[in-house]
Amino acid sequence: MKVAYVTTDHPLARQDDEREIALAAWLGAGIEGAPVNWRDPDVDWSDFDAAVVRSPWDYILYRDEFVAWAHRVASVTRLLNPAPVIEWNTDKTYLRTLGVPTIPTHWPESGTDLPEWDEYVVKPAVSAGARDTIRTTDRETAAGHTAKLLGEGRTVMVQPYVPSVEQEGELSLLYFGGRFSHAVRRHPMLTGVAETAENRATLRDPDDDQFALAERILAAVPHDLLYARVDLVRMPDGEPVLIELELTEPYLFLRSELAAPDLFAEALAEMLKG
Ligand SMILES: Nc1ncnc2c1ncn2[C@@H]1O[C@H](COP(=O)(O)OP(=O)(O)O)[C@@H](O)[C@H]1O
Ligand SMILES: [Mg+2]
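Residues numbered from 1 in each chain as written. Chains lettered and ligands numbered in written order. Predicted model: local features only at pLDDT ≥ 70, side-chain atom pairs only at ≥ 80, totals over all residues. Heavy atoms only, no water.

How do you make sense of the overall build of the protein chain when you look at a structure like this?
Of regular secondary structure, the protein chain possesses six helices and twelve strands. Relative to the globule expectation of 19 Å for 274 residues, the C-alpha radius of gyration of the protein chain, 19 Å, shows essentially globular dimensions. Taken along its principal axes, the extent of the C-alpha atoms in the protein chain is 55 × 40 × 35 Å. Looking at the 274 residues of the protein chain, the share that counts as buried comes to 53%. (Helix = DSSP H or I, 4+ residues; strand = E, 2+ residues; numbered from the N terminus. Rg over C-alpha atoms; globule rule 2.2 N^0.38 Å. Buried < 20%, exposed > 50% of the residue type's maximum accessible area, 1.4 Å probe, protein only.)

Now the structure itself:
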């Protein structure tokens, strides 16, 4: 089996430090993986038994091109996750229709159209790595950023800042082939404190209510998923809610759990058989 490990060589994209671990695990499962730049025009995707979307982290600059790419590749080989999932999941408006608890989100039509909250997070619906995302207590600043993003033709999300990301933290639950692998507590991104080797993600056991919510979220997606990351936070009343469902190009925290790379590889091998 020959499988494309879909990545990028864009200078602005973060380095994918999980690539070698994943490829080694794939090899152990009899899968020959090859890193491929999704925008490389010389690639013949039909040469591969499958293409696994892993770290095309520049897609955020070319989202429409990326979605078109996904459909094109899916017409000549097996794309994982599937193209309809990629199209749906690269725009956070999916949070409006999933039917599960999320951070209360206002979808403004104009810069002046904002609720009264103590502290705002303003983010575009198409984003990753907190790109173009701000946190502010100043309503005018929130309004200005909202107007700027709307002016660029982008869909905007306005949320209250959820302080629990700094204490309990954001919890990411990783699934391979629909099976739970591991969960990590994430470093909060809007605090001005950079992520370092010391404060980076740490392994954590989800609570029962977090497990239950994650399962409910995944059950709402009508596709077989090779990989899924469910990102949860707790609201001030203790309720766990979805902040983001990552089905496109999640970092998988493969270093956090010894068994994770093999689970990933086994799930891929299983799907390639089917
Ligand atoms: N409403 C919020 N309250 C607190 N922190 C937030 C909020 N929204 C986003 N963040 C922080 O910003 C990060 C990025 O936001 P997220 O919605 O996950 O978008 P993306 O990861 O796609 O950029 C989160 O991991 C979290 O640390
Ligand atoms: Mg996120």
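I would appreciate a short explanation of the side chain of Asn-89 in the present structure.
Here Asn-89 shows up in helix α3 (residues 83-89). In terms of polar contacts, Asn-89 uses its side chain to reach the backbone amide nitrogen of Leu-247, at 2.8 Å. Excluding residues within four positions of it along the chain, Asn-89 makes contact with Tyr-94, Leu-245, Glu-246, Leu-247 and Thr-248. (Polar contact = N/O pair within 3.5 Å; in protein donor to acceptor, adjacent residues only side chain to side chain. Contact = heavy atoms within 4.5 Å.)

So what exactly am I meant to see when it comes to the sheet that holds strand β5 (residues 120-124) here?
Two strands in a sheet stick together by hydrogen bonds in their backbones, pointing the same way (parallel) or opposite ways (antiparallel). Overall, antiparallel pairing links the three strands, which are arranged β6-β5-β7 in an open sheet. With one partner strand each, in any of the chains shown, β6 (134-136) and β7 (156-160) form the two edges of the open sheet. Going across the sheet, the axis of each strand differs from the next one's by a mean of 20 degrees, ignoring polarity. Looking at chain direction, β5 and β6 are connected through three bridges and run antiparallel. The residue bridging Val-121 from the neighbouring strand is Arg-135, located in β6. (Pairing = 2+ DSSP bridges. Axes fitted to C-alpha atoms, helices over the stretch in contact; angles between N-to-C directions.)

Which parts of the structure should I look at to understand the site of ligand 1?
Neighbouring ligand 1 are 19 residues, the closest being Lys-92, Lys-123, Ala-130, Val-162 and Glu-170. At a separation of 2.6 Å, an oxygen atom of ligand 1 approaches a polar side-chain atom of Lys-92. A distance of 2.5 Å separates an oxygen atom of ligand 1 from a polar atom in the side chain of Glu-170. The fraction of the free accessible surface of ligand 1 (540 Å²) that becomes covered by protein chains is 97%. Taken together, the elements giving at least two residues each to the shell around ligand 1 come down to β5, β7 and β12 (240-246). Taken together, the residues of the shell around ligand 1 break down into twelve nonpolar, three polar and four charged. Of the domains in this structure, domain 2 (92-100 + 164-253) and domain 3 (120-161) are the two that each give at least three residues to the shell around ligand 1. (Near = heavy atom within 4 Å. Areas by Shrake-Rupley, 256 points an atom, 1.4 Å probe, with all protein chains shown as cover. Nonpolar A, V, L, I, M, F, W, Y, C, P; charged D, E, K, R; others polar. Domains from an automatic or database assignment.)

Would you explain the environment of Ile-103 in this entry?
Structurally, the position occupied by Ile-103 is in the loop between α3 and β5. Each C-alpha atom of the pair Ile-103 and Met-235 lies 7.5 Å from the other, and the pair is 132 residues apart in sequence. Not counting residues up to four positions away in its chain, the partners in contact with Ile-103 are Gln-159, Pro-160, Val-162, Val-233, Met-235, Val-241, Leu-242 and Ile-243.

How do you make sense of the packing of aromatic side chains when you look at a structure like this?
Centre-to-centre distance and the angle between the planes together describe a pair of aromatic rings. A full pass over the atoms with the stated rule returns 15 aromatic pairs. Seen in terms of ring centroids, Trp-45 and Phe-48 are 6.2 Å apart; in terms of plane orientation they differ by 45 degrees. Their pairing is tilted. For Trp-45, a relative accessible area of 8% gives the class buried. A network of ring pairs unites the aromatic residues Trp-38, Trp-45, Phe-48, Tyr-59, Tyr-62, Phe-66 and Trp-69 as a single cluster. Looking at Lys-2, its charged tip hangs above the ring of Phe-48, at a distance of 5.1 Å from the centre. One Lys or Arg, Arg-39, reaches over the ring of Tyr-62 and ends 3.6 Å from the middle of that ring. (Phe/Tyr/Trp six-rings, centres within 6.5 Å; stacked < 30°, edge-to-face > 60°. Lys NZ or Arg CZ within 6 Å of the ring centre and 35° of its normal.)

Could you clarify how one ought to interpret the pairing of β5 in this entry?
Remark: a regular strand shows side chains that alternate across the two faces of the sheet. In terms of burial, β5 is a largely internal element, five of the five residues being buried. Here β5 shows a buried face lined by Tyr-120, Val-122 and Pro-124 and a second buried face lined by Val-121 and Lys-123.

What's the story with the domain arrangement of the protein chain in this structure? I'm lost.
When the parts of a complex come together, some accessible area is lost, and that lost area is often used as the size of the interface. You can read the domains of the protein chain as domain 1 (2-89), domain 2 (92-100 + 164-253) and domain 3 (120-161). Taking the mean C-alpha position of each, domain 2 and domain 3 sit 21 Å from one another. The interface of domain 2 with domain 3 comprises ten residues on the first partner and twelve residues on the second. Where domain 2 abuts domain 3, roughly 890 Å² becomes buried across the two surfaces, and 62% of that area is made up of carbon and sulfur atoms. Of all residues in domain 2, Lys-92, Met-189 and Leu-190 bury the most surface against domain 3, accounting for 60% of the area lost on that side. At the junction of domain 2 and domain 3, the tally comes to one salt bridge. Glu-166 is the partner of Arg-135 in a salt bridge, and the nearest nitrogen-oxygen pair spans 3.6 Å. At the junction of domain 2 with domain 3, the criterion picks out three residue pairs in polar contact (both at pLDDT 80 or more). (Buried area = accessible area lost by both parts, 1.4 Å probe. Salt bridge = Lys/Arg side-chain N within 4 Å of Asp/Glu carboxyl O.)

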